[in-house]
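# Structural features, examined
So the chains spell out like this:
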Amino acid sequence: MHMLKKDLVSILDWNEEEIKHLFKTAERIKNYQKTGVEFHSLKGKTLGMMFSKASTRTRVSFEVGMYQLGGYPLYLDIKANLQVGRGETIEDTARVLSRYLDGIMIRTFSHDDVVKLAKYSSIPVINGLTDLLHPCQVLTDIFTFIEHRGDPKGANVVFIGDGNNMAHSWLNGAARCGMNLTIASPKGFEVKKDVFDAASAVAKYNGCTLKLTNDPREAVKGADLLYTDVWASMGQEAEAKERVKKFEGFQLNRELVDLADKDVLIMHCLPAHRGEEITDDVIDDPKHSVVFDEAENRLHLQKGILHILMTK
Ligand code: CP
Ligand code: NVA
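Below is a short write-up of the structure. Here the structure is a predicted model, which is why all the values come from computation and not from measurement. (Residues numbered from 1 in each chain as written. Chains lettered and ligands numbered in written order. Predicted model: local features only at pLDDT ≥ 70, side-chain atom pairs only at ≥ 80, totals over all residues. Heavy atoms only, no water.)

What follows concerns the sheet that holds strand 4 (residues 125–127). With parallel pairing, the 4 strands of this open sheet are ordered in space as 2-1-3-4. On the outer flanks of this sheet lie strand 2 (72–77) and strand 4, each paired with one strand and no other. Here the average twist between neighbouring strands, direction ignored, is 20 degrees. Direction of pairing for strand 3 (residues 103–107) relative to strand 4: parallel, over a ladder of 3 bridges. What sits directly across from M105, in strand 4, is I126. (Pairing = 2+ DSSP bridges. Helix = DSSP H or I, 4+ residues; strand = E, 2+ residues; numbered from the N terminus. Axes fitted to C-alpha atoms, helices over the stretch in contact; angles between N-to-C directions.)

With 4 of its 5 residues buried, strand 5 (residues 156–160) lies for the most part within the structure. The pairing of strand 5 with strand 6 (residues 180–184) spans 5 bridges and is classified as parallel. Within the sheet, the bridge partner assigned to N156 lies in strand 6 and is N180. A crossover links strand 5 with its parallel partner strand 6, the connecting element being helix 7 (residues 165–177), and its sense is right-handed. In the sheet, strand 5 pairs with strand 8 (residues 225–228) via 4 bridges, with the strands oriented parallel. Within strand 8, the position partnered with F159 by the bridge is Y227. (Buried < 20%, exposed > 50% of the residue type's maximum accessible area, 1.4 Å probe, protein only. Right-handed = clockwise from strand over helix to strand, strands pointing away.)

What surrounds ligand 2 is the set L129, H134, N164, N165, D229, V230, S233, M234 and L270. Within the side chain of N165, an N or O atom sits 2.8 Å from a nitrogen atom of ligand 2. For the shell around ligand 2, the per-class residue count stands at 4 nonpolar, 4 polar and 1 charged. (Near = heavy atom within 4 Å. Polar contact = N/O pair within 3.5 Å; in protein donor to acceptor, adjacent residues only side chain to side chain. Nonpolar A, V, L, I, M, F, W, Y, C, P; charged D, E, K, R; others polar.)

So, about the packing of aromatic side chains. This structure, assessed with the given rule, holds 7 aromatic pairs. Relative to Y227, the ring of F159 has its centre 5.8 Å away and its plane inclined at 15 degrees; by these criteria the two rings are stacked. Of the two residues, F159 is situated in strand 5 and Y227 in strand 8; the sequence distance between them amounts to 68 residues. The exposure classification of F159 matches that of Y227, with both residues buried. Each member of the aromatic cluster is reached from another via a ring pair, and the members are F159, W170 and Y227. A cation over a ring is seen here: K53 above F109, with NZ or CZ 4.7 Å from the ring centre. One Lys or Arg, R59, reaches over the ring of Y75 and ends 3.8 Å from the middle of that ring. (Phe/Tyr/Trp six-rings, centres within 6.5 Å; stacked < 30°, edge-to-face > 60°. Lys NZ or Arg CZ within 6 Å of the ring centre and 35° of its normal.)

Turning our attention to the sheet that holds strand 7 (residues 210–213). Ordered in space as 7-6-5-8-9, the 5 strands form an open sheet in which the pairing is parallel. On the outer flanks of this sheet lie strand 7 and strand 9 (265–268), each paired with one strand and no other. Shown here is a sheet whose adjacent strand axes are inclined to one another by a mean of 20 degrees, direction ignored. Contacting strand 8 and strand 9, helix 6 (residues 135–149) runs over the sheet at an angle of about 160 degrees to strand 9. (Contact = heavy atoms within 4.5 Å.)

The values are spatial; any link to function lies outside them.
Set out below in structure tokens:
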């Protein structure tokens, strides 16, 4: 598959064929690793990893993934080390980094900053989470769903909780992959209308449905996949206590799981606030929960992204 300089800022940047190709590539690369076959397609290439938020999975999986592909990962702390943290423009940063690196992965607050970085870079830019979207996570989640359940088309996904970056990327991922998605959020914490409308247009074309509700018990009926995330995302720490009250009834607990399909899968992007948005018995449920398969698959799926974007 031929691609010019391409980015992954949003799942909607990639069409259905490109996403299928990504899943196949990730599966192949995962098999190489499991069977001990070396695959150094990024030998001599460098990925800059820009962070202005904390991370366990994203940082470690991109860093290790780049190393396993034979390349070099360079960790760049935006606030502590980069001049952009002291006022250098995103545009100039993009132009300069494009002269040294072969790709950039960035995790930051403002989604517009990532859009700008991609626009002014001549190298691929990968969104490792913004306040608006988390595409690498949801692509990994769908890849993990396929491993466990096969074809995602027509599957019923229910996201319980905050209309946050995860919920937004789920709208995009479900629409692109033909999954029916219901998002149940408390009043006032729904997803952004423009994200919902853009994804809905794709869903309509793809023959699947996207729904919003404030009723979690109704939403989970017939679910093949139940998903949740923290109630207060990075940057919202000051609201955390207030949100615990407002999200009452939206905890993913045994009562909700029992209303879903008997073979329902449970996912959470992690980190989890156990006892808040999800109970211990649900996240550790050996029959339904695949949260650590999901976490592992960040490595394999992102190696697929890096391979596709950086070997062109
Ligand atoms: N799920 C996820 O992106 O985890 P980190 O915040 O640890 O990177
Ligand atoms: N919504 C969470 C996701 C973390 C992976 C956050 O932004 O903090």
